[in-house]
Amino acid sequence: MPEVRVRFAPSPTGELHIGGARTALFNLLFVRKEKGTFVLRIDDTDTERSRNEYIDKLIESMSWLGLNWDEGPYYQSQRLKEYQKEANRLLVEGKAYQCYCSVEELAAGREEARKENKTYLYPGICRNLTQDRIDVFEKEGRKPVIRLITPDFGSTVVHDEIRGEVSFENEHLDDFIIVKSNGQPTYNFASVVDDMQMKISHIIRAEEHLSNTPRQQLCFNALGYSKPRFAHVPMILAPDRSKLSKRHGATSVEEFRNEGYLPEALINYMVLLGWSPGNDEEILSLDSMIDKFSLKKVNKTAAIYDINKLGWMNSHYLREYNLERLYEAAVPFFKRKGLVKEPVEEFQKAFIKRVINAVRERAKTLIELADLSVYFFESNFSYDEKGLKKHFLKEGSAEFLQKTAEVLKALPEFNHESAENCINLLAENLEVSKGCLIPLARLALTGVMGGPGLFEIMILLGKEETAARLERAAEYIEKELR
């Protein structure tokens, strides 16, 4: 049985879109399950729009996601001789011809079709040019394109692994261009030559490429190659079922990374866009995805993008992540917010990890993780307005905070148990409930009403800082709110 070989072949004309990343993921899952080879190919023959920086970002994004390929990257721009050789072979075999029609002549044909409300199809003007006519065009300096001769009747049937048989009437296909006048191959022709020479067995790609498939099959036929199997995965649409765009939020892998999503969460989210393991399971490791993946379970209908579900999924991975790895992922966001500066000393690293562990239960992204950690690094925060009214304006609040600071400073040992016992005893002596004292102290220490447990916050801040913040809040109440 021939080896299973798949390819992911993006064009470097922009950042890696979530749709492209999902296609790469489906290729990876399929080929890993089949114990085959995953090829990365860069389709960079569009010289006007292709950029080297996009290639670098694409490779970085794939590596960050863990979409590791086995061969490549191959570059179409380095394979132009192969396309020219195969195109020349088709000319010699009479399966293609040189077309000298000018831009103006073709534009006139399109305009005439538009007036008649018809789709323009090239009418094969140059199919049977005489040598004399060719000589005239050559003397005029016209540079020909190469067109493939296509059937005038019948149909081209695509056997799709997801959609079944899809038929295209040949009368709607013209003699399309396979090599442009500048010698550059067109997308459909270059892809076919590459897929043959790289022995690709399965082409798994986005639904938008389905309309290209009949032309590619005609190229396979003309060149005498065996056709690979095709599978076209569904589109990803916005919640309103419109085309996904930047107005719906992040759409590229780089944007998701910059917004603080973890690669495992993004992979887990993407795999469920158009595929399901067949049960209610939603949290899946890569190994589990590979084990359960099948093209037969890929949906035909469009997948709907849901940023809230991605947020929920990312919060799960934030809670479950190995703390050392989470520190490495989170520290750039702490630096971005100005909470951490280079170089990070070992004692600082230990503190940051403790802070991360304390707040990660409540964060959905690494940005939120940094935002929730600010008060551990800065003490000049303002107090939540709602909290001010609810806790600071109560009678005796400044006195409670001042006395709390005094008893905490007097503790010979400052740990979770001693701090809690201290607060319990103080509440009893002051004849107030613990439920009144704890949120008051929390607001004084953090400026907000939510967050980790009070005693966890105290131990992280340390005795001196805890007492200083309590005294600062007491002074604020006395000066500003009285």
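Residues numbered from 1 in each chain as written. Predicted model: local features only at pLDDT ≥ 70, side-chain atom pairs only at ≥ 80, totals over all residues. Heavy atoms only, no water.

1. Observations regarding the pattern of salt bridges
Step number 1: On inspection of all chains with the given rule, the structure shows 35 salt bridges.
Step number 2: A salt bridge links glutamate 254 to lysine 57; the nearest nitrogen and oxygen atoms lie 3.9 Å apart. Taken together, the residues glutamate 254 in helix H8 (residues 253–258) and lysine 57 in helix H2 (residues 52–65) connect sequence positions 197 residues apart.
Step number 3: Of the charged contacts in the structure, one is a salt bridge between glutamate 116 and lysine 118, with a shortest N-O distance of 3.4 Å.
Step number 4: Look at glutamate 116 and you get partly exposed, because its relative accessible area is 43%.
Step number 5: Through salt bridges with shared partners, a single network forms among Arg7, Arg41, Asp43, Arg79, Asp194 and Asp195. (Salt bridge = Lys/Arg side-chain N within 4 Å of Asp/Glu carboxyl O. Helix = DSSP H or I, 4+ residues; strand = E, 2+ residues; numbered from the N terminus. Buried < 20%, exposed > 50% of the residue type's maximum accessible area, 1.4 Å probe, protein only.)

2. Description of the packing of helix H1 (residues 18–33) against helix H9 (residues 263–271)
Step number 1: Here H1 crosses H9 at 85°, and the two axes come no closer than 10 Å. Looking at the two axes, H1 sits roughly perpendicular to H9. Facing Ile18, Ala21, Arg22, Leu25, Phe26 and Leu29 of H1, the residues of H9 in contact are Ile267, Tyr269, Met270 and Val271. (Axes fitted to C-alpha atoms, helices over the stretch in contact; angles between N-to-C directions. Parallel < 35°, antiparallel > 145°, perpendicular 65-115°, else oblique. Contact = heavy atoms within 4.5 Å.)

3. As for empty space enclosed by the protein
Step number 1: Summed over all chains, the structure comprises 1 cavity of 30 Å³ or more.
Step number 2: In this structure, the largest cavity encloses a volume near 40 Å³.
Step number 3: Lining the largest cavity, in full, are His391, Lys394, Glu395, Ser397, Phe400, Cys436 and Leu440.
Step number 4: Its residues assigned to classes, the lining of the largest cavity comprises 3 nonpolar, 2 polar and 2 charged. (1 Å grid on protein atoms, 1.4 Å probe; cavity = no way out; pocket = protein on both sides within 12 Å on 5 of 7 lines; lining within 4 Å. Points joined across faces, edges and corners; volume = space filled by probe spheres on them. Nonpolar A, V, L, I, M, F, W, Y, C, P; charged D, E, K, R; others polar.)

4. Describing the nonpolar core
Step number 1: Within the largest apolar cluster, 109 residues are counted, with the highest numbers of intra-cluster contacts made by Ile18, Met62, Leu65, Val271, Phe334, Phe392 and Leu401.
Step number 2: Residue contributions to this core peak at 9 residues, all from H1.
Step number 3: Once you skip the residues sitting within four places of it in the chain, phenylalanine 334 turns out to touch Leu339, Val340, Ile352, Ile356, Leu369, Ala370, Ser373 and Phe377.
Step number 4: Val192, Ile203, Phe220 and Phe230 belong to the second-largest nonpolar core, a separate cluster that totals 25 residues. (Core = buried A, V, L, I, M, F, W, Y, C linked by side-chain atoms within 4.5 Å.)

5. Quick word on helix H13 (residues 346–359)
Step number 1: An ideal rise of 1.5 Å per residue puts 20 Å on 14 residues; H13 measures up with 20 Å between its terminal C-alpha atoms.
Step number 2: Residues of H13 that are buried include every one of Lys349, Ile352, Lys353, Val355, Ile356, Ala358 and Val359, and no others.
Step number 3: Of the surrounding elements, those touching the buried residues of H13 are helix H12 (323–336), helix H14 (366–371), helix H15 (374–377) and helix H20 (454–461). (Expected span 1.5 Å × (residues − 1).)

6. Focus on the layout of surface pockets
Step number 1: Considered as a void within the structure, the largest pocket measures approximately 1,100 Å³ in volume.
Step number 2: His17, Gly19, Gly20, Glu208 and His209 are, among the 33 residues lining the largest pocket, the residues nearest its centre.
Step number 3: Those elements giving two or more residues to the lining of the largest pocket turn out to be strand S1 (5–8), H1 and strand S9 (202–206).
Step number 4: For the lining of the largest pocket, the element with the most residues is H1, which contributes 4 residues.

7. Things to note about the pairing of strand S2 (residues 37–42)
Step number 1: With 6 of its 6 residues buried, S2 lies for the most part within the structure.
Step number 2: On S2, burial covers both faces: Thr37, Val39 and Arg41 on one face and Phe38, Leu40 and Ile42 on the other are all buried.
Step number 3: Where S1 meets S2, 4 bridges bridge the pair, whose relative direction is parallel. Considered in S2, the bridge of arginine 5 is made with threonine 37.
Step number 4: This β-α-β element, S1 to H1 to S2, shows right-handed connectivity.
Step number 5: Pairing of S2 with strand S3 (residues 71–75), which is carried by 3 bridges, proceeds in the parallel orientation. (Pairing = 2+ DSSP bridges. Right-handed = clockwise from strand over helix to strand, strands pointing away.)

8. Some details on the packing of aromatic side chains
Step number 1: Under the defined criterion, the tally for this structure stands at 12 aromatic pairs.
Step number 2: Judged by centre distance (5.6 Å) and plane angle (40°), the rings of tryptophan 275 and phenylalanine 293 are tilted. Taken together, the residues span a long stretch of sequence, with tryptophan 275 in the loop between H9 and helix H10 (286–292) and phenylalanine 293 in the loop between H10 and strand S12 (303–304) at a distance of 18 residues. The two residues tryptophan 275 and phenylalanine 293 agree in class, both being buried.
Step number 3: Taking 5.9 Å as the distance between ring centres and 75° as the angle between the ring planes, the aromatic pair formed by phenylalanine 334 and phenylalanine 377 counts as edge-to-face. (Phe/Tyr/Trp six-rings, centres within 6.5 Å; stacked < 30°, edge-to-face > 60°.)

9. Some points on the side chain of aspartate 195
Step number 1: Looking at the element boundaries, aspartate 195 is found in helix H6 (residues 187–197).
Step number 2: Reaching out from aspartate 195, the side chain makes a polar contact with the side chain of arginine 7 at a distance of 3.0 Å.
Step number 3: In this structure aspartate 195 touches Arg7, Arg41, Ile200, Ile203 and Phe220, once residues within four positions along its chain are discounted. (Polar contact = N/O pair within 3.5 Å; in protein donor to acceptor, adjacent residues only side chain to side chain.)

10. Some details on unusual backbone geometry
Step number 1: Omega for the bond connecting glycine 72 with proline 73 falls within 30 degrees of zero, at 5°, which places this linkage in the cis form.
Step number 2: Looking at the secondary structure, you find proline 73 in strand S3.
Step number 3: With an omega of -10°, the peptide bond between glutamate 342 and proline 343 qualifies as cis.
Step number 4: Topologically, proline 343 is positioned in the loop between H12 and H13.
Step number 5: In this model, lysine 199 sits at a positive phi of 55°, which is unusual for a non-glycine residue.
Step number 6: Within the secondary structure, lysine 199 sits in the loop between H6 and S9.
Step number 7: Not every positive phi belongs to a glycine, and arginine 241 is a case in point at roughly 70°.
Step number 8: When you line up the elements, arginine 241 lands in the loop between strand S11 (236–237) and H8.

11. So, the sheet that holds strand S8 (residues 177–179)
Paired through backbone hydrogen bonds, the strands of a sheet run either parallel or antiparallel to each other.
Step number 1: Spatial strand order, S4-S5-S8: 3 strands in an open sheet with antiparallel pairing. Every interior strand has two partners, whereas the edge strands, strand S4 (96–99) and S8, have only one. Within this sheet the neighbouring strands show an average axis-to-axis angle of 45°, counted without direction.
Step number 2: Sheet analysis places strand S5 (residues 145–148) next to S8, joined by 2 bridges and oriented antiparallel. Bridging from a neighbouring strand, isoleucine 146 pairs with valine 179 of S8.

Honestly, it's all geometry; don't read function into it.
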